[in-house]
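# Chains, contacts and geometry: an overview
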Amino acid sequence: FQFGGVNLPPSFSFPNPIYGTHPIEYASSNLWNREIGVRTDWLDRTLRLDATIYDINWNNAQIQQVSEGAIFAGTYTDNVGKVLSRGIESTLTWLTPLPGLSLNLAGSYSRAYTAAATVNNGQSIPAGAPMPAAPPVQVATSLAYSTYFGPWIGNAGLTYAYWSKSYSNLQKTFDIYDFGQFGINASIVRPDWTGAPSLSLGVQNLLDERGLIGRRGSTGSGTSLVGNAWSYVRPRTISLRLTAQFD
């Protein structure tokens, strides 16, 4: 359940050239989620496979929109009627024959779309329009290794994540996502010392991908003067951390 509310700054019944014209208020929404899943173990419990299918019915769905053709590209909340989201999620964990080496895979496919035609941001949206910022395919994988070096524990890992193409809004104004990124990490731990100190080094977005995860604004002659924005995934980030545990 989501409460409704009032959009700020307020709108008017006549065209507002500063912030645009948008609904004064938006209604509460609710959803029902039905899902069923299975968990299986194989190869003497060294291989685990989970799978879940789900069906979500979202009534009076709320989404964020951007005012078109105004000086300021402000955001507001709007209802788009009923939305259906159906998909499958699965994870696989494998403890390989090499001691300390494990593989984890997670993936999902979903289709979230409007169940009936609606009018949004002054435009007619047909039934079956994909929901914004909802990549149909998402994948996350990791390969991890852990071993002892005398009293020390060493860990290393490689990760990869991928998001398929999605859109910035119901009107499909801009393409977003459709990129993948790698990450690596390594750490050493001394569990027998007070606080079990750990030193870790990590690199996120290893190849420095410039993945677009959000786009706000309009196109054409109605382009706003202020408030147009692009949101990118965080660039390559290197971190070094020293941590300890205390009771």
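Structure shown above.
Residues numbered from 1 in each chain as written. Predicted model: local features only at pLDDT ≥ 70, side-chain atom pairs only at ≥ 80, totals over all residues. Heavy atoms only, no water.

### A word on the overall build of the chain
Within the chain, the secondary structure is distributed over zero helices and 17 strands. Counting only residues that meet the buried cut, the chain has 32% of its 247 residues in that class. Carbon and sulfur atoms make up 60% of the accessible area of the chain, which amounts to about 14900 Å² in all. (Helix = DSSP H or I, 4+ residues; strand = E, 2+ residues; numbered from the N terminus. Buried < 20%, exposed > 50% of the residue type's maximum accessible area, 1.4 Å probe, protein only. Areas by Shrake-Rupley, 256 points an atom, 1.4 Å probe, with all protein chains shown as cover.)

### As for the packing of aromatic side chains
All chains considered together, the criterion is met by five aromatic pairs. Between Phe1 and Phe3, the ring centres sit 5.0 Å apart and the planes meet at 90°, which makes this aromatic pair edge-to-face. Residue classification places Phe1 among the exposed positions, given a relative accessible area of 65%. Relative to Phe179, the ring of Tyr177 has its centre 6.3 Å away and its plane inclined at 0°; by these criteria the two rings are stacked. Note on Tyr177: relative accessible area 22%, which makes it partly exposed. Residue Phe179 is classed as buried on the basis of its relative accessible area, which comes to 7%. Taken together, the aromatic side chains of Trp163, Tyr177 and Phe179 make up a single cluster linked through ring pairs. In this structure, Arg111 packs its charged tip against the face of Tyr113, placed 4.1 Å from the ring centre. In this arrangement the basic side chain of Arg190 is found over the ring face of Trp152, its NZ or CZ atom lying 5.2 Å from the centre. (Phe/Tyr/Trp six-rings, centres within 6.5 Å; stacked < 30°, edge-to-face > 60°. Lys NZ or Arg CZ within 6 Å of the ring centre and 35° of its normal.)

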